[in-house]
Amino acid sequence: MNEQKINSNPPAFSETCEAWNILSSVNDPEIPVISIVDLGIVRDVKFHEEMVEVIITPTYSGCPAMDFIGANIKQALTENGFKNIKITHRLSPAWTTDWMTDEGKQKLKAFGIAPPVGKSFDKDYLETQEVECPHCHSLNTQLISQFGSTSCKALYQCNNCCEPFDYFKCH
Amino acid sequence: MDSEATNNAKKDLVNYALFLADSSLIMGHRLSEWTGHGPMIEQDIAITNIALDLIGQARNFYQYAAEVINIQNDKKVTEDDLAYLRDANEFKNLLITELPNGDWAFTISKLFLFSTWQFYFYQTLIYSKDEQLAAIAEKSLKEVTYHVIWSGDWVIRLGDGTEESKNRMKKAVLNLWPYTGEMFIPAAFEDNLKNSVSINFSNMQNDWIEKVKLVFSEATLSIPEKMWMQSGGKNGVHTEHLGYILAEMQFMQRAYPGLEW
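The model shown is predicted, which means the values in this text are computed figures rather than measured ones.

A. Summary view of the UniProt feature "domain: MIP18 family-like" (unreviewed entry) in chain A. Feature annotation in UniProt places "domain: MIP18 family-like" (unreviewed entry) on residues 20-78 of chain A, given in this structure's numbering. Between the end C-alpha atoms of residues 20-78 of chain A the distance is 14 Å, and the span holds 29% helix and 22% strand.

Okay, structure coming up:
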């Protein structure tokens, strides 16, 4: 049923839109409350002759979820009628938390993970002092370890409510 | 360029990518030996995360090396072939990466000296005319920045810690120092690639020593006296330790070629 869709060249604006909408429903496997679009992993969607190319970038070099994310993208697009899907990995420009959407940050917070503070070009992010506790919203928190349950997170503790929490570190 | 010159340029680029891949893989493998054995759960997790970063960086360099090897080559190789089916004398990793972990002080000092070298190396490599090397360096640099901070904090904590931790750090630094020299001596493949990857080795060494001095002074440790330096890693001449690592790491692929899981 989608032969026509794939063959139309150049693609109609609505198809690009549709593809992005579908990708917005693909969640990150490790933080299932946030989509790969919110995380900034999807860099581009291109329509070639009879092929859709989705360009993704890894958050970290050793991110074990990349192959899984690629498979999930293929599945979601296939289920919605797209054919011949190609996943391309791109390293440069390197992924940064600056690409995370505001909506994504809000979702992280609601899930109990403190979103990145500051911009990655600002080297002070490495010494970020004020990370807000996602539970009680206190700014009186301390770093326990630069590395948490996954590469992208650091471990913090709130001095106010005493709860430990993950911080999605600036990158 | 005639075909011989093209072949030589290709060989140098492959060796260059392999040198960086091997160094990250062996360091990552060594650090992964701490998984489940770290002194505290947080540090166990941290060092495992760092190992993962390094193995990811190694994969990027191996994939690139395989891509270059496969240009106009009938026999295709993969990243796995390069990691699992080469012998010790073909590995080009820095010797410091293959040294056994020893105690926590030794591991920390090794990681700090190595990560700081990686930091300054990648900081130059991002300007390479070779786009893929530059892209991998750009990606890796962000991760290495955290490794330098984490290991540096531990150098300070242990160096400026108890009498016991300080003595262990002094011993670790003294034993590791002879393995830092080869970081700043270009191998033939590095010299040959000067035009596309321009690294000023004496500047890099100065930056490295300044950073080490800064952290050591806070850690109340001193830089060792000038001493005789080991070398050979970049050219495939290794310590006895590498063979044992490869035996463990490569066993499955050699016993069951093509095994996947």
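More follows now that the structure is in view.
B. Broad picture of the domain arrangement of chain A. Residues and elements named next belong to chain A. The assigned domain composition of chain A is domain 1 (13-89) and domain 2 (112-118 + 129-168). Here the C-alpha centre of domain 2 lies 29 Å away from the C-alpha centre of domain 1. Where domain 1 abuts domain 2, roughly 430 Å² becomes buried across the two surfaces, and 80% of that area is made up of carbon and sulfur atoms. Considering only the side of domain 1, the residues that lose the most area to domain 2 are Glu 30, Ile 31 and Tyr 60, jointly responsible for 81% of the buried surface there. At the junction of domain 1 and domain 2, the tally comes to zero salt bridges. The tally of links from domain 1 across to domain 2 stands at zero residue pairs in polar contact (both at pLDDT 80 or more). Looking at the side of domain 1 that touches domain 2, its residues break down into three nonpolar, no polar and one charged.

C. Representation of the layout of surface pockets. Roughly 1700 Å³ of volume is contained in the largest pocket. Together, 37 residues line the largest pocket, and Ile 55, Arg 59, Gln 63, Glu 79 and Asp 80 of chain B are the ones closest to its centre. Elements represented by at least two residues in the lining of the largest pocket include exactly α3 (66-79) of chain A together with α1 (3-32), α2 (41-69), α3 (79-84), α6 (131-159) and α10 (241-255) of chain B. It is α2 of chain B that contributes the most residues to the lining of the largest pocket, 10 residues altogether. Looking at the lining of the largest pocket residue by residue, the classes come out as 18 nonpolar, 11 polar and eight charged.

D. Looking closely at the sheet that holds strand β3 (residues 85-89) of chain A. Residues and elements named next belong to chain A. Strand order in the open sheet made by the three strands is β1-β2-β3, with mixed pairing throughout. Both outer strands of the open sheet, β1 (42-48) and β3, are each paired with one neighbouring strand and no more. When strand polarity is set aside, the average angle formed by the axes of neighbouring strands in this sheet is 20 degrees. Looking at chain direction, β1 and strand β2 (residues 51-56) are connected through six bridges and run antiparallel. Residue pairing across strands places Phe 47 opposite Val 52, the latter belonging to β2. Running over the sheet, α3 touches β2 and β3 and is turned about 155 degrees from β3.

E. The arrangement of the nonpolar core in detail. Counting residues in each nonpolar core, the largest one holds 88 residues, and the members touching the most others are Tyr 16, Trp 117, Phe 121 and Trp 150 of chain B. With 14 residues, the single largest contributor to this core is helix α5 (residues 104-125) of chain B. Excluding residues within four positions of it along the chain, Trp 150 of chain B makes contact with Gln 146 and Phe 147 of chain A together with Gln 43, Ala 46, Ile 47, Ile 50, Trp 104, Ile 108 and Leu 111 of chain B. Core analysis: the second largest hydrophobic core is formed by 33 residues, Val 42, Val 52, Ile 87 and Phe 168 of chain A among them.

F. Quick peek at the pairing of strand β7 (residues 164-168) of chain A. Residue and element names in this part refer to chain A. When you tally the buried positions in β7, you get four out of five residues, the bulk of the element. In this structure, strand β4 (residues 113-114) lies alongside β7, joined through two bridges in parallel fashion. Along β7, the bridge assignment pairs Ile 113 with Asp 166. Pairing between strand β6 (residues 153-158) and β7: five bridges, direction antiparallel. Opposite Ala 154, over in β7, you have Tyr 167 as the bridge partner. As consecutive antiparallel partners, β6 and β7 are separated by five residues, and within that stretch Cys 162 has a phi angle of approximately 70 degrees, a positive value.

G. Here's a closer look at the packing of aromatic side chains. This structure, assessed with the given rule, holds 22 aromatic pairs over all chains. Among the aromatic residues, ring-to-ring pairing joins Tyr 16, Phe 19, Phe 61, Phe 114, Trp 117, Phe 121, Tyr 122 and Phe 189 of chain B into one connected group. Here Lys 169 of chain A stacks its cationic end above the ring of Tyr 146 of chain B, 4.7 Å away from the centre of that ring. The side chain of Arg 157 of chain B reaches across the aromatic face of Trp 154 of chain B, ending 4.3 Å from its centre.

H. Expanded view of the interface of chain B and chain A. Facing the 22 residues of chain B at the interface are 26 residues of chain A. Summed over both partners, the interface of chain B with chain A buries about 2100 Å², with 60% contributed by carbon and sulfur atoms. By the criterion of area lost to chain A, the three top residues of chain B are Lys 139, Lys 142 and Tyr 146 of chain B, representing 36% of everything that side buries. Where chain B meets chain A, there are zero salt bridges. In this structure, the connection of chain B to chain A is made through 10 residue pairs in polar contact (both at pLDDT 80 or more). For the side of chain B that touches chain A, the secondary-structure elements that each account for two or more residues are α2 and α6 of chain B. The biggest single contributor to the side of chain B that touches chain A is α6 of chain B, with 12 residues.

I. View of the sheet that holds β6 of chain A. Residue and element names in this part refer to chain A. Taken in spatial order, the four strands make up an open sheet running β4-β7-β6-β5, and their pairing is mixed. Each having just a single partner strand, β4 and β5 (141-145) make up the two edges of the open sheet. Relative to β6, β5 runs antiparallel, the two sharing four bridges. The residue bridging Gln 142 from the neighbouring strand is Gln 157, located in β6.

Conventions used here
Residues numbered from 1 in each chain as written. Chains lettered and ligands numbered in written order. Predicted model: local features only at pLDDT ≥ 70, side-chain atom pairs only at ≥ 80, totals over all residues. Heavy atoms only, no water. UniProt positions renumbered as here; feature names shortened; annotations may be inferred. Helix = DSSP H or I, 4+ residues; strand = E, 2+ residues; numbered from the N terminus. Domains from an automatic or database assignment. Buried area = accessible area lost by both parts, 1.4 Å probe. Salt bridge = Lys/Arg side-chain N within 4 Å of Asp/Glu carboxyl O. Polar contact = N/O pair within 3.5 Å; in protein donor to acceptor, adjacent residues only side chain to side chain. Nonpolar A, V, L, I, M, F, W, Y, C, P; charged D, E, K, R; others polar. 1 Å grid on protein atoms, 1.4 Å probe; cavity = no way out; pocket = protein on both sides within 12 Å on 5 of 7 lines; lining within 4 Å. Points joined across faces, edges and corners; volume = space filled by probe spheres on them. Pairing = 2+ DSSP bridges. Axes fitted to C-alpha atoms, helices over the stretch in contact; angles between N-to-C directions. Contact = heavy atoms within 4.5 Å. Core = buried A, V, L, I, M, F, W, Y, C linked by side-chain atoms within 4.5 Å. Buried < 20%, exposed > 50% of the residue type's maximum accessible area, 1.4 Å probe, protein only. Phe/Tyr/Trp six-rings, centres within 6.5 Å; stacked < 30°, edge-to-face > 60°. Lys NZ or Arg CZ within 6 Å of the ring centre and 35° of its normal.

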